[in-house]
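Listed below, chain by chain, are the residues.
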Amino acid sequence: MDRLLTRAEASNYTQTSLHSDVLAFVDELCRRTKLARRVDFGQSGEGQPLVALVVSDRGCFTPEQARKQKKVVVMVEANIHAGEVEGKEAVLALARDLTLTRLGQTLLDKVCLVLVPNFNPDGNDRISPNNRKLNLKELEGQVNPEGGVGTRYTGEGWNLNRDSTKQEAPETRAMAALHQTWWPHVFIDCHTTDGSIHAFDLTFDTSHSNEPLFSKLRAYNRGMLERVAKAVQGRHGFDSFWYGNYKDEGDPRSGWHTYPALPRFGSHYRGLLGRLDVLLETYSYIDFPRRCAVMRAWLLELFRDAARNAAAYRAITDETQADIIARGKSPDVEALVGINYGVATRDAKGALAFEYPAYARPGDTANVLAFDEASIAARRYPGKRKRTYTMPHHRTFVPTQSVSTPEAYLAPAELASRLEGHGIQFERLPKSRPFTVDSYRVARREETFSPDVAANVPPPGEAEVPLSQKPKPVRFETVLTVAPERTTREFPAGTLYVPTAQRAGTLAVYLLEPHSDDGFCRWQFLDGAITTGELYPVHRVVGSATAPKKAE
C-alpha cells in the first residue's frame, strides 16, 4: 500500500494542503486504521465542513468513552490563522504516524486526541505567494513555501484568534461547542510568529489571565511546558523558549514581553475555564520544512507528557473546576476577578486607545538566545554570531479593574444565545420577582478602535494587507465609565438568572461586567440597551459579596 502523505510531504515542502487535501487525508487515514475517526462539528462561513480527527484506542471516540476510560483529552487546533500552516501539516502527519506505526502504541492507551487540522478552511484556500511575504525591515512575514499560503483572516474577514469572547465567526461558535462537549484537559493552539530577531525555533506560552485565582493551575502549566521544552531539545534538537518580543524593539536587553492578557485570545479564554492550555509559535524566519519538524516534535512530546502524567492532568483540572464552582457558592470579597488589564491612552486627536502592558516580577528573568547586537539592529536573520541575553521577563499582568464574584447575575433575555454560546448555564425567571442587586449607573460612553480583529478580505488569489500597512479600521468597541449603587427592584418574568457556581462561572463574570475589557458590553452587544445616566442592564445579585468599586 502506498504511504499516505500530506501535500507538504508529497511536494517536498513546496506547497501546503488545500482543505480538500485535508479532508481526503483524514478520510483515507480513517479507512486504513481503526484508531481514528472523523467528526464533523460545523461549517465555515463559506460552507466548508469543519472536521476533527479523533485518535485513540479501545474505541474511545466520544467524550463519554474518554471519561469512562479515564483518558486525558488533548485537543489540538491548527491553522486558526491560515497563513500559519505548520500545525496543519504536522497534525496530519503525526496522526498518521501514531496510528499506522508503533509510535502511538502505549501513548494512545492514556490519551484521547481530538485534532482539528484546519480550523480556518476558507482563509486556507485563499492561497497566494504574497500572503505573509517576508519583510525583515518591518519584522513581519515568513519564509513561505513556493506555492504560497492562505490568509490570516477567514473568508468573511474574522481574525479567529481575537474572537473567543465575542464569537462572531461561525467557526468560533462551532469550536466553542466542540470544546464544551469534549471539555479537554489540555488544549494546544498552533501558530507561526514573526517579530523580534532571536535564535529559537519555537516559542511557547499559556494563559496569563487572573493568575492569582488560578495560581496552582498556572504553576503546573508552566512546569509542564518547561519539562516538554527540555524533552524537545534533548530528543529532537530544537531550541525553544517562552513567547515574546523585545520590550524596546532592537534592544535585546530591554526585556522580553509576552502578548496581552485579553481573553479574546484563545489561550487566555481557556485559562478562565480552568483548563491547561498551550500556545505554540514556530518561528517564521526559519524555513518551512524546519517549522513543520519543530511543530511535530512539540506535539509529540506534549502528547507523551500527557500520557505519562495523566493522573496529574486530571487532578489539577478537577481541582481548579471545583474551586471555580466553590467561589460561586460561597462568594469571597477578597477573591477578586481581574476583568480589565487595559491602560487608557489618547492619541493626538483625543481618540481613546488602550495598551495592555505586562510587568516583570522581581527576579523573573528571561535568558534569550539571539544574535549579536549589530545583526539585531540591522534586522538580519540569521545573525552573524549567537549569544544569550539575560533580561527582565515581562509576563505578569496587573488588572486595572477587578470585582468579586457574586452569587449570580440578572441579565436581559437578549443575552440568552450569547451565554449559551459560551456554555454558561442560566434560568429564566418564571414570574416577576424582587432582588437586591448591585447595579451600575452609566456615567460616560465612548468608542475605541479594535485592531487586528476583522478585515476587508481581498478576492481569492490576491494578497491580504500586511499589518504594518495599517489596514482600514473595521471593528470598534464600546467603553463605559460606570458608578455602582445598590438597589432593590422588581425583575420581570423572562429575566435570565445566571449563577456563578458552574464550571464557566469565572468566564461569566468576565463577560457580564460593564467595565470588562472583553465582555458583552465591550463588544457592543448591549449598545441598544445602554443609556448614559441610566442603569446598566446586567445586575449583580447581592450575597455575601460587597458592592463593586467605582470603575472605568
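This structure is a prediction, so every number in the text was calculated from the model and none was measured.

On to the overall build of the protein. When helices and strands are counted, the protein shows 13 helices and 22 strands. Rg of the C-alpha trace for the protein: 23 Å, near the compact-globule value of 24 Å for 552 residues, within the 12% margin. With the principal axes as the frame, the protein shows a C-alpha extent of 70 × 55 × 50 Å. The 552 residues of the protein split such that 59% are buried. Partitioning the contacts of the protein with sequence separation of at least 6, the portion at a separation of at least 24 is 79%. Working note: accessible area of the protein is about 21200 Å², and carbon and sulfur atoms make up 49% of it. Treating the 70 positive side-chain charges of the protein as one cloud and the 68 negative ones as another, the clouds have centres 4 Å apart.

With the rule as written, the count across this model stands at three cavities of 30 Å³ or more. Volume-wise, the largest cavity comes out at about 250 Å³. Around the largest cavity, the lining is made up of 23 residues, and of these Ser164, Met175, Ala176, Tyr269 and Arg270 lie nearest the centre. Ranked by the residues each element gives to the lining of the largest cavity, the list is headed by helix H6 (residues 170–182), at five residues. Among the residues making up the lining of the largest cavity, the classes are represented as ten nonpolar, nine polar and four charged.

The subject of this paragraph is the nonpolar core. Leu280, Trp298, Leu299 and Phe303 are the most contacted members of the largest nonpolar core, which has 123 residues in total. Top element by residues in this core is helix H9 (residues 288–308). It accounts for ten residues. Taken domain by domain, this core gets at least three of its residues from each of domain 1 (7–328) and domain 2 (401–541). When neighbours within four sequence positions are excluded, Phe303 is seen to be in contact with Val74, Val76, Leu94, Leu98, Leu107, Val111, Leu113, Leu115 and Ile188. One finds Phe41, Leu50, Phe61 and Trp158 within the second-largest nonpolar core, a separate group that totals 23 residues.

Mapped onto the present numbering, the UniProt feature "domain: Peptidase M14" (unreviewed entry) falls on residues 11–306. Each end of residues 11–306 is marked by a C-alpha atom, and these two atoms are 33 Å apart; helix forms 34% of the span and strand 18%.

Let us look at the sheet that holds strand S1 (residues 36–43). Strand order across the open sheet formed by eight strands is S1-S2-S4-S3-S5-S10-S6-S7, with mixed pairing between neighbours. Every other strand in the sheet has two partners, leaving S1 and strand S7 (240–242) as the edge strands with one partner each. Mean inter-strand twist for the sheet, computed between neighbouring axes without regard to direction, equals 25 degrees. Summarising the sheet, strand S3 (residues 72–77) and strand S5 (residues 186–193) pair through four bridges and their orientation is parallel.

One pass over the structure, following the stated rule, counts 41 salt bridges. The closest approach of N and O atoms between Arg58 and Asp57, which form a salt bridge, is 3.7 Å. When its relative accessible area of 48% is taken as the criterion, Arg58 is described as partly exposed. Overall, Asp57 belongs to the buried group, its relative accessible area being 14%. Where Glu168 meets Arg475, a salt bridge forms, and the shortest distance between an N and an O atom there is 3.0 Å. One end of the pair, Glu168, is in the loop between helix H5 (121–124) and H6; the other, Arg475, is in the loop between strand S19 (433–449) and strand S20 (476–491), and 307 residues separate them in sequence. Each of the salt bridges in this network shares a partner with another, and the network as a whole consists of Arg3, Glu9, Arg96, Asp97 and Arg296.

Now for H9. Here H9 spans 30 Å end to end across 21 residues, near enough to the 30 Å set by a 1.5 Å rise per residue. Burial within H9 is extensive, with 15 of its 21 residues counted as buried. Measuring from the backbone nitrogen of Arg290 back to the side-chain oxygen at the start of H9 gives 2.9 Å, which picks out Asp287 as the cap.

Attention now goes to the packing of aromatic side chains. Throughout the structure, instances matching the rule amount to 18 aromatic pairs. With 5.1 Å between their ring centres and 35 degrees between their planes, Phe204 and Trp298 make a pair best called tilted. Placement of Phe204 in strand S6 (residues 202–205) and of Trp298 in helix H9 is noted, with a sequence separation of 94 residues between them. Trp298 shares its class with Phe204; the two are buried. Consider the rings of Tyr259 and Phe265, whose centres lie 5.1 Å apart with planes at 75 degrees: the pair is edge-to-face.

Pairing of strand S17 (residues 408–411) with strand S21 (residues 496–499) involves four bridges; the strand directions are antiparallel. Looking across to S21, one finds that Ala411 is bridged to Leu496. Note: strand S18 (residues 427–428) against S21, two bridges, orientation antiparallel. For Glu427, the partnering residue across the bridge sits in S21 and is Tyr497.

All right, on to the side chain of Thr6 then. Residue position: Thr6 is located in the segment before helix H1 (7–10). Excluding residues within four positions of it along the chain, Thr6 makes contact with Phe25, Glu89, Leu92, Ala93 and Arg96.

It is at 9 Å that the axes of helix H7 (residues 215–236) and H9 come closest, and there the two elements cross at 125 degrees. Taken together, the axes of H7 and H9 lie oblique to each other. Relative to H9, H7 is oriented so that their crossing is right-handed. Across from Met224, Leu225, Arg227, Val228, Ala229, Ala231, Val232, Arg235 and His236 in H7, the residues of H9 making contact are Ala297, Trp298, Leu300, Glu301, Leu302, Arg304, Asp305 and Arg308. Residues that form the contact of H7 with H9 fall into these classes: ten nonpolar, one polar and six charged.

So, how was this worked out
- Residues numbered from 1 in each chain as written.
- Predicted model: local features only at pLDDT ≥ 70, side-chain atom pairs only at ≥ 80, totals over all residues.
- Heavy atoms only, no water.
- Helix = DSSP H or I, 4+ residues; strand = E, 2+ residues; numbered from the N terminus.
- Rg over C-alpha atoms; globule rule 2.2 N^0.38 Å.
- Buried < 20%, exposed > 50% of the residue type's maximum accessible area, 1.4 Å probe, protein only.
- Contact = heavy atoms within 4.5 Å.
- Areas by Shrake-Rupley, 256 points an atom, 1.4 Å probe, with all protein chains shown as cover.
- Lys, Arg positive; Asp, Glu negative; His and termini not counted.
- Charge placed at Lys NZ, Arg CZ, Asp CG, Glu CD.
- 1 Å grid on protein atoms, 1.4 Å probe; cavity = no way out; pocket = protein on both sides within 12 Å on 5 of 7 lines; lining within 4 Å.
- Points joined across faces, edges and corners; volume = space filled by probe spheres on them.
- Nonpolar A, V, L, I, M, F, W, Y, C, P; charged D, E, K, R; others polar.
- Core = buried A, V, L, I, M, F, W, Y, C linked by side-chain atoms within 4.5 Å.
- Domains from an automatic or database assignment.
- UniProt positions renumbered as here; feature names shortened; annotations may be inferred.
- Pairing = 2+ DSSP bridges.
- Axes fitted to C-alpha atoms, helices over the stretch in contact; angles between N-to-C directions.
- Salt bridge = Lys/Arg side-chain N within 4 Å of Asp/Glu carboxyl O.
- Expected span 1.5 Å × (residues − 1).
- Polar contact = N/O pair within 3.5 Å; in protein donor to acceptor, adjacent residues only side chain to side chain.
- Phe/Tyr/Trp six-rings, centres within 6.5 Å; stacked < 30°, edge-to-face > 60°.
- Parallel < 35°, antiparallel > 145°, perpendicular 65-115°, else oblique.
- Left-handed = near helix turned anticlockwise from the far one by under 90°.

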